[in-house]
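# Commentary on secondary and tertiary structure
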Number of protein chains: 2
Amino acid sequence: MIEDKNTPRTSLSELGEFGLIRHLTKNFEIKQETTHLGIGDDAAVLDFDGKKCVLTTDLLIEGVHFDLTYMPLKHLGYKAVVVNLSDVYAMNAKATQITVSIAVSNRFPLEALEELYAGIETAAKIYNVDVVGGDTTSSTTGLLISITAVGHADQEVLTYRSGAKENDLLVVTGDLGAAYMGLQVLEREKQVFEVNPNSQPDLDQYTYLIERQLKPEARKDIAELLKALDVQPTSMIDISDGLSSEVIHLCTQSKVGANVYEEKIPLDPAVISICEEFKLNSTTVALNGGEDYELLFTIKQEDFPKIKANPNLTVIGHIVDEKSGIGLVTRANEKIALQAQGWNPIKE
Amino acid sequence: MIEDKNTPRTSLSELGEFGLIRHLTKNFEIKQETTHLGIGDDAAVLDFDGKKCVLTTDLLIEGVHFDLTYMPLKHLGYKAVVVNLSDVYAMNAKATQITVSIAVSNRFPLEALEELYAGIETAAKIYNVDVVGGDTTSSTTGLLISITAVGHADQEVLTYRSGAKENDLLVVTGDLGAAYMGLQVLEREKQVFEVNPNSQPDLDQYTYLIERQLKPEARKDIAELLKALDVQPTSMIDISDGLSSEVIHLCTQSKVGANVYEEKIPLDPAVISICEEFKLNSTTVALNGGEDYELLFTIKQEDFPKIKANPNLTVIGHIVDEKSGIGLVTRANEKIALQAQGWNPIKE
């Protein structure tokens, strides 16, 4: 949080748009067979040879989706890619290419964009996607990142939000609520820092939470895992806005209801302990927290034996008929209606 | 330019993100065979059945790329789509799908976004592309539009910037410089309006210029025309930043030089007359003006008879070897080096 005044600052205007794009993208390698042509022409050229092609796009805006006070630019670049790929994985598809557009105000020197692109490059390497295009421009204020991801899958593997059927089991990957609590810790530290800029926070005990917020991972592994387990999910969505909101999306689009069991919701011990510290209900945090980028999906009951031993997967409930509604069955065995309180980016 | 205080204003926060997306996209129809799934899941699903898929993205930012003082929102929506499709057509490909992401500050009521989307919808209809996804969020200031376009073509038809060969002819579609002069007229009127808000400008004589600026069209017709004429271009690029800049891109990527003949550059009579009025050199305007969204391409000399009678196409020069450089042959028959003075969005 302390700015080093000696950091080199190269003005963006020295490079110009094309020079800047060349500079920032010079390390991006093409590795995907489906990438026929990457950056450098009017458009990229992809070749999916008859497979279904998947396309998704996300916009991240400074002051709305991220705060550069505690979000290092490298992490931001990484997270921007991950958030986008998560939508491809939520189709049970393989992500293969991304385009990255950025707008920056002149308060960002070249070195800042290099950091951002280093994060993008790292994510592209780890998730094995090619950066095949983009646009770079100035903004009147702040930083903005728009990423579009492309992927593919065989038709019979592709999984929509709309395929859940009565009696299917509701499954989540990983654990929930940690990213939101990581944000709470960072917000608290920002306030401490604003009061006392010399404070040296000890954040060791919050490492998992902060990592989940600043460097989330998308579940690239799940499509492969389900294939290996010989399970074809009936519906799937990623958990970006909180479990409640996503269960409701999935049920609404599948025209079904669901029972989610409070005691089954997977929580990391660090989430339970930080919730005590902040005097928050950990179930509420898991239901409404958002930014976990885990996957929520449904499977047929008969597939349960194939997944039950897997530590990555937790059955949290089951699908019921539409009229029965979408409810949380509490530890006290009461059913209360689930409500989407997920994050709303369109607010006053 | 006069705000009607009685226009209904529906706050965006009343709708929420998903409500807003549903509301704005409810009229978007799916017409393309290659669109397997449109808006509503984690990602769109496209099916190109073995064809090469083309992908391009653009970012338009208020205060950088457009000025809402004289750019009606409906025109802006239309133009944002057109600008993007132009890159697909510059691959000699067919555009089929777009995703549209927008960020808006709360000073925009719902009705403003409806105008914007009406323009997007009109463009999607006219250019026959499906809107298959997007993202809608708030911004801290102003309006921002990010569009990604997808298209396809058979491999042997796809045309890159890098294919121009010595002795090929350099061809442009339509005429150049009008969009830039339209902007000059609008900027002048804006200044007049700022001094006297009651002035009623008579812009009739500038209709063509203003239309080229506010409602440009992309050359969807050229791929079909060239196919009908049995001409396979050797290289192609769209003219977004001005002829100079695009000739240089094409030559650099093809590792060749070019002679462009000043007297051959196609100018509309309205451009010639407005340049006299503004005391500007019309050649300079055509070379550096930008935003014409015409296409620049090269063909083999032997194909000249096939195109020479076509009013849409003008041969403006030819390709020479790389060492001879990229030059403008003036009316006085002097060769001067072409320089890219096109618009630079990364500026102080």
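Thresholds, definitions, all that
- Residues numbered from 1 in each chain as written.
- Chains lettered and ligands numbered in written order.
- Predicted model: local features only at pLDDT ≥ 70, side-chain atom pairs only at ≥ 80, totals over all residues.
- Heavy atoms only, no water.
- UniProt positions renumbered as here; feature names shortened; annotations may be inferred.
- Helix = DSSP H or I, 4+ residues; strand = E, 2+ residues; numbered from the N terminus.
- Contact = heavy atoms within 4.5 Å.
- Buried area = accessible area lost by both parts, 1.4 Å probe.
- Salt bridge = Lys/Arg side-chain N within 4 Å of Asp/Glu carboxyl O.
- Polar contact = N/O pair within 3.5 Å; in protein donor to acceptor, adjacent residues only side chain to side chain.
- Nonpolar A, V, L, I, M, F, W, Y, C, P; charged D, E, K, R; others polar.
- Pairing = 2+ DSSP bridges.
- Least-squares fit on C-alpha atoms with pLDDT ≥ 70 in both.
- Buried < 20%, exposed > 50% of the residue type's maximum accessible area, 1.4 Å probe, protein only.
- Axes fitted to C-alpha atoms, helices over the stretch in contact; angles between N-to-C directions.
- Parallel < 35°, antiparallel > 145°, perpendicular 65-115°, else oblique.
- Left-handed = near helix turned anticlockwise from the far one by under 90°.
- Phe/Tyr/Trp six-rings, centres within 6.5 Å; stacked < 30°, edge-to-face > 60°.
- Lys NZ or Arg CZ within 6 Å of the ring centre and 35° of its normal.

## Some thoughts on the UniProt feature "binding site: ATP" (unreviewed entry) in chain A
Residue and element names in this part refer to chain A. In the numbering used here, UniProt assigns the "binding site: ATP" (unreviewed entry) feature to Tyr-117, Gly-134, Asp-135, Arg-161 and Ser-240. Across 124 residues, the annotated set is spatially dispersed, with a maximum C-alpha separation of 32.3 Å. Along the chain, Tyr-117 turns up in helix H3 (residues 110–126). In this view, Tyr-117 contacts Leu-24, Thr-25, Phe-28, Val-100, Ile-102 and Thr-136; residues no more than four positions away in its chain are not counted.

## Points about the interface of chain B and chain A
Facing the 72 residues of chain B at the interface are 71 residues of chain A. Carbon and sulfur atoms supply 55% of the area buried between chain B and chain A, which totals about 5600 Å² over both sides. Scanning the region where chain B abuts chain A turns up six salt bridges. Between Asp47(B) and Lys52(A) there is a salt bridge whose closest N-O contact spans 2.7 Å. Between chain B and chain A we count 18 residue pairs in polar contact (both at pLDDT 80 or more) in total. Broken down by element, the side of chain B that touches chain A gets its largest block of residues, nine residues, from strand E3 (residues 52–61) of chain B. Among the residues forming the side of chain B that touches chain A, the class breakdown is 28 nonpolar, 28 polar and 16 charged. Pairing analysis gives four bridges linking strand E2 (residues 44–47) of chain A to E3(B), with the strands arranged antiparallel. Its bridge partner being in E3(B), Val45(A) is matched across the sheet by Val54(B).

## A closer look at the relation of the copies chain B and chain A
For the pair chain B and chain A, the best superposition has an RMSD of 0.0 Å and corresponds to a rotation of 180° with a translation of 0.0 Å parallel to the axis. Both chain copies can therefore be described as sitting about a two-fold axis. Closest to the rotation axis within chain B is the C-alpha of Gly50(B), separated from it by 2.2 Å. Of all interface residues in chain B, 99% are interface residues in chain A too; the two copies therefore contact each other through one and the same surface.

## Structural notes on unusual backbone geometry
All names here are of chain B. The phi angle at Asn-128 is positive, at roughly 55°, despite the residue not being glycine. For Asn-128, the location among the structural elements is in the loop between helix H3 (110–126) and strand E5 (130–138). A relative accessible area of 30% means that Asn-128 is categorised as partly exposed. One non-glycine residue, Lys-279, lies in the positive phi region at around 55°. Tracing the chain through its elements places Lys-279 in the loop between helix H8 (269–278) and helix H9 (282–288). What makes Lys-279 exposed here is its relative accessible area of 75%.

## Here's the deal with the packing of helix H4 (residues 178–195) of chain B against H8(B)
All names here are of chain B. Axis separation between H4 and H8 bottoms out at 10 Å; the angle between their running directions is 45°. Taken together, the axes of H4 and H8 lie oblique to each other. Remark: the crossing between H4 and H8 carries left-handed chirality. Together, Ala-178, Met-181, Gln-184, Val-185 and Arg-188 of H4 and Val-271, Ile-274, Cys-275, Glu-277 and Phe-278 of H8 make up the contact between the two elements. Taken together, the residues that form the contact of H4 with H8 break down as seven nonpolar, one polar and two charged.

## What about the packing of helix H2 (residues 73–89) of chain B against H3(B)?
When two helices pack together, their arrangement is given by the angle between the helix axes and by the axis-to-axis distance. Residues and elements named next belong to chain B. Packing of H2 against H3 brings their axes to within 7 Å, and their N-to-C directions diverge by 40°. Classified by the interaxial angle, the pair formed by H2 and H3 is oblique. At the point where H2 passes H3, the crossing takes the right-handed sense. Within the contact between the two elements, H2 uses Leu-73, Lys-74, Leu-76, Gly-77, Tyr-78 and Val-81 and H3 uses Ala-112, Glu-115, Leu-116, Ala-118, Gly-119, Ile-120, Thr-122, Ala-123 and Ile-126. Classifying every residue of the contact of H2 with H3 gives 10 nonpolar, three polar and two charged.

## Some thoughts on the sheet that holds strand E5 (residues 130–138) of chain A
Neighbouring strands of a sheet are bound in pairs by backbone hydrogen bonds; such pairs are parallel or else antiparallel. On the basis of which strands lie adjacent, the open sheet formed by six strands has the order E5(A)-E4(A)-E6(A)-E3(A)-E2(B)-E1(B) and mixed pairing. Two strands in the sheet have a free side with no partner beyond their single neighbour: E5 of chain A together with strand E1 (35–37) of chain B. Between one strand axis and the next, the sheet turns through 25° on average, direction left out of account. Taken strand by strand, helix H2 (residues 73–89) of chain A contacts strand E3 (52–61), strand E4 (94–104) and strand E6 (143–153) of chain A, and its axis lies near 35° from that of E6(A). Contacting E4, E5 and E6 of chain A, H3(A) crosses the sheet at an angle of about 170° to E4(A).

## Looking at the pattern of salt bridges
Residues and elements named next belong to chain A. Taken as a whole, this structure holds 32 salt bridges over all chains when the rule is applied. The closest approach of N and O atoms between Asp-230 and Lys-306, which form a salt bridge, is 3.8 Å. With Asp-230 in the loop between helix H6 (220–228) and strand E8 (235–239) and Lys-306 in helix H10 (residues 304–307), this pair connects stretches of sequence that are 76 residues apart. Under the relative-accessibility criterion, Asp-230 is labelled exposed at 58%.

## Side note on the sheet that holds E8(A)
All names here are of chain A. With mixed pairing, seven strands are arranged side by side in an open sheet as E8-E10-E7-E11-E9-E12-E13. Two strands in the sheet have a free side with no partner beyond their single neighbour: E8 and strand E13 (335–337). On average, adjacent strands in this sheet sit at an angle of 30° to one another, irrespective of strand direction. In the sheet, strand E12 (residues 326–329) pairs with E13 via three bridges, with the strands oriented antiparallel. Bridged to Val-329 within E13 is Lys-335. The strands touched by helix H7 (residues 243–254) within the sheet are strand E7 (169–173), E8, strand E9 (257–261), strand E10 (294–299), strand E11 (313–320) and E12, with E8 carrying the most contacts at an inclination of about 155°.

## Things to note about the packing of aromatic side chains
All names here are of chain A. On inspection of all chains with the given rule, the structure shows four aromatic pairs over all chains. Ring pairing ties together the aromatic residues Tyr-78, Tyr-89 and Tyr-127, which thus form one cluster. Sitting over the ring of Tyr-78, Lys-215 keeps its end group 4.4 Å from the ring centre.

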